[in-house]
Every structure is written in structure tokens, then in C-alpha cells.
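Structural overview for review
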Amino acid sequence: MKRRSLNISLGILFILILIYFIYKIIGGNNTVDYIASIISVSLLSLFILVFIAILIKNKKISSVFLIANIMLIIFISFNLLYDIGIIQLPKQATVKDFSNQTITEALKWAEKNEITLNITYENSDTVEPYNIIRQDIIPGILTKKIKEINIVVSDGPDYEKTVTIPSMIGWSIEEVIIFVEENHLNNIVVDFVTSVNEKDSIISQNSSGNMKRNDYLYLTASIGEEMPTESISMINLKNKSTFYASVWLKRNGIKYELKFDYSDKVLKDHVINQNILQEKMVNPVSDIVTLTISKGKQIVVPNLLNMTIEEITQWVINNRLKITFNDQYHESIALGNIVSINYQKGDILEEGTFIIIVVSKGKLMMPKFNTALEFKEWAEKYNIPYQENYQFDKDFEQGKIIKITPKIGDVIKEGDTINIYISHGAPVTVPNFVGKSKTVITNECRNLDISCNFIYGSYTDNIAKDIATNQSKN
């Protein structure tokens, strides 16, 4: 009977491992750990085949072999059903990789996982403004192990950065445009003059070497031996930078003027529209092209207090502003709700302005502190008044907290002063120093860790120098 049951179970085990092996070969070829998975299932298959061969040849059958075979069937079945997706197991939340994601995505995740998100800004040439450059917590760490994450958000290129400007004399204007864009120069002017030099080549520049990106750079380019007089087909300059648009017009000898206006759709210092449209003919002699340049958005602050943090963050990103969060205990505003914002409805802002949101930490209840330093840092962070009291106590080492009032868990109201009692250590019995020398007294004071001061006086009786005659405390 045991042999028959064992043979049936061995047949089931063989079929299961065969199915599992085929599934891993065919179904797992899109996974990152595909090779490791194939090696693992191959080793498992080899082990089971050896196990089956041993049991088939073994004439003595015990219940242990049957139980082991059944356990292997359960093991393979579970793994197969889990990989296919029939069995679903709860997964512990882990930290995501926020690189190149927007602040909004990070805030959604942080709010969902009840984790504090600290935001700082840093210039970056490669990461788009308002996208995340890096984070201090490695992706994949369990969220239950952390309370806060610090993220660094791109503030776009640093225009104060020093770059090396080569001599561009002899460069074509196309090479100049590429260099300007790649190095994020934002204060460059190119003028065109008649010259025997090749058309569109640079013939002079005012400066070279190490310069800041926003330092003034002036280039002169050749427009040819004569100013253009023939009409040219207009190109579409909308959404082009002021630099690009002005260079194109100048190189074709076209007069132009600039107007400025706010725009919700076009980036600051880029063309909103042009009075002569694309493919229309422009006469360099008689026509003047008018370009309307974006001043960026006219940002009018809405009623931010009626918005969620997620909505505010999205509004900040859409308007190219910056956002930072502080927290504050509050008696009446629930945990996670907004206490205050540094701008009110109707305020007019410029791009890059910081929006500071103060979020409630709920009612202030006395937490537990392990050290006096930990308590002081907490009290100073939240501007909570406190009074330090020192006492001798044989049960607490010097510097340890004896007690704090209010007690742990008590609600602290605005204006309350917290009393912290810190141990001076065990009380010291001051010995009688009268009649002892200054050297002996000094050593005893040092051993007892007490401060002793000496006052000298004149005495007419037979008392040797540096001998104590009286003391203030006994």
C-alpha cells in the first residue's frame, strides 16, 4: 500500500516539477532575474529527479519518504501558483526610487505611507526643474523602518556657475547656438555686420576664458559684404528663446522690436507670438517684425487653504514656484491638516518664489525622551518654553532626567512651561577641611567632584601658611 501511494505521489511530483520548469523557461524570460531563476529551478529539478530515482530503487519504503514527497509536492505547488498569480500574498511597503519623478509623485507616496518628506532644492543641468535629483534613503528599504525621507529637487541650471568660454572667432553661428544651449549661457548678444569674412561666421568677441553663465558675452558675426535686401520666407519663432529668435532675424538683416507680456503657456524669455506669420515673405528693407516675449506667468495666489497638499504642490509645479514644508503642533487643527501658508489669496508672485506650508502635528503631547539633550533639541525646534532644574539624586546618574512635568502623554497647551529635572548625581557629604593643607583639600575636592575656592587672610596666631582655618559649607 505504501509503495503504491509513494509511486502515485512520485508521479505527481515529477509532473509538477516538469510544469514548473517549463513555466520558468517560457514565462519568466521578461524578468530581470531570468538567468538566476533558470539556474534555481534547474538545480531544484535535478534534486527532485535524484530524489525520485533513489525512492524508485529503494525497496524499503517508510512513512518518512512518503511525508517528504508530499512536502515537496506542496512546496512546488505553492511556488507555481504564486508565480502564476493565483496565490496572492500581502507585500510590505518599500521605499520607491523617485529619481527624475516630480515632487507630486513623491508627496502622494509619502502621504500614503505616513512618512515625512523633507524637500531641498539644488541646481542641475541634466534634471528638469521640479524633478527629483536624489534621495537619502535607498530604494527597497521597508517603510516601517523609516520616519522621514530627504529629497533633493532640481532648481534648473545654476547661472552663477563658472564655465570656460573659448575663442569663438571663426565659428559658424550654428556652432555658437549649440554651445550656448549646452552650456546654459543666458546673457549673450550676437550682432551682424557687413564683412569680407564668410557669412554667418564669428569675427569678434568681447571676452573669453572663465566666466559665469550670466556674464555678458558679446559676439559680432559677418552678414556678408552687403546687407540683405531680398525678401525671405518667415519661419515660426513661437516658443523659441529670445536669443535664438533675435539671432535668426539679425542674420537675415530683418529689423525687429520686442514687446513683453505674461503667458500661462510659454516659458519666460521665449516668443509668445509674432506679427508676421510663418511662410509670409519679409522684406528686410521695409518690414519690421514684432515679437511678443513671455514674462512668464502672472501668478495670482488662489485660496490655498481650501486646497489639499497634493493640489497645492501641483499648482506650485505648474507655476514654476518652489515649495517647502514645516510642521507645528496645534490644539485644534487635526494631524496632517494645513495650519498656515505664507501667501494669501490674491497675492501676486514671480516664478521661483517659495511657498512655505506649515502642517499640523496635532495636539502637543509630552513624548518620551532618553536624554536631556534630546529634550532640549525638541523644545527648541518647536519653540516650547522650558525650565531646567538640577537636583541631587542617588538613583540617577549625573546628567540623567529625573522627571519632566507635564508627564508623558499629557497635552501641552500654548504658553505652558515644561519643567525638566536633571540629576546632579548622588549627593556629596562635604568633609571638614579645617586644619588641612591646601594641597590635601584640592585633591579631596577633585576626588569628590566638587568645586572648592580658597580665600586668603592674615592671622596672628600660630597657624602655618596654606592651612584652612574655616569653611563655608559643612
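Up top is the structure these notes are about.
Now for a look at the structure at hand. (Residues numbered from 1 in each chain as written. Predicted model: local features only at pLDDT ≥ 70, side-chain atom pairs only at ≥ 80, totals over all residues. Heavy atoms only, no water.)

**Some words on helix 7 (residues 309–318)**
Heads up, the rule is: Partly exposed describes any residue whose relative accessible area lies between the buried limit of under 20% and the exposed limit of over 50%, with all areas from a 1.4 Å probe on protein chains only and scaled to the type maximum. Where helices and strands are cited, they refer to DSSP runs of H or I of at least four residues and of E of at least two residues respectively, numbered from the N terminus. Two residues qualify as a contact provided that any one of their heavy atoms is within 4.5 Å of a heavy atom in the partner residue.
Taken residue by residue, helix 7 has Ile-309, Ile-312, Thr-313, Trp-315, Val-316 and Ile-317 as its buried positions. Among the structural elements, helix 4 (103–112), strand 14 (299–300), strand 15 (322–328), strand 16 (338–341), strand 17 (348–349) and strand 18 (354–360) are those in contact with the buried residues of helix 7. Phi turns positive, to about 55°, at Arg-320, one or two residues after helix 7.

**Focus on the sheet that holds strand 20 (residues 401–405)**
Quick note on the threshold: For two strands to count as paired, DSSP must find a minimum of two bridges between them. Each axis is a line fitted through C-alpha atoms, taken for helices only over the stretch in contact, and angles between the N-to-C directions span 0 to 180 degrees.
The sheet built from 3 strands is open, its strands ordered 19-21-20 with mixed pairing. Of all the strands in the sheet, just strand 19 (386–391) and strand 20 have a single pairing partner and so form its edges. On average, each strand axis in the sheet is tilted by 15° relative to the strand beside it, whichever way the strands run. In the sheet, strand 19 pairs with strand 21 (residues 418–423) via 6 bridges, with the strands oriented parallel. Looking at strand 21, one finds that Tyr-386 is bridged to Ile-418. In the packing of helix 8 (residues 372–381) onto the sheet, contacts are made with strand 19, strand 20 and strand 21, and the angle to strand 19 comes to roughly 165°.

**A word on unusual backbone geometry**
Trans peptide bonds make up most of the peptide bonds, and negative phi angles are found at most residues other than glycine. Thr-405 connects to Pro-406 through a cis peptide bond whose omega is 0°. Position of Pro-406 relative to the elements: it lies in the loop between strand 20 and strand 21. Residues other than glycine seldom take positive phi values, yet Tyr-130 does so here, at roughly 75°. Mapped onto the elements of the fold, Tyr-130 is located in the loop between strand 1 (116–122) and strand 2 (132–135). Its identity is not glycine, yet Asp-200 carries a phi of approximately 70°, on the positive side.

**Looking at the nonpolar core**
Spelled out, the test is: What we call a nonpolar core is a set of buried Ala, Val, Leu, Ile, Met, Phe, Trp, Tyr and Cys residues that are connected through their side-chain atoms within 4.5 Å.
One finds Ile-119, Ile-149, Trp-315, Ile-323, Ile-355 and Ile-357 to be the most contacted residues of the largest nonpolar core, which totals 35 residues. Elements that contribute at least two residues to this core include exactly helix 4, strand 1, strand 3 (148–154), helix 7, strand 15, strand 16 and strand 18. Ile-149 has contacts with Val-95, Trp-109, Ile-115, Thr-116, Leu-117, Asn-118, Gln-135, Asp-136 and Ile-137, leaving out every residue within four places of it along the chain. Counting 20 residues, the second-largest nonpolar core is a separate cluster that includes Val-163, Ile-173, Phe-179 and Val-180.

Bear in mind that shape data such as this cannot, by itself, settle questions of function.
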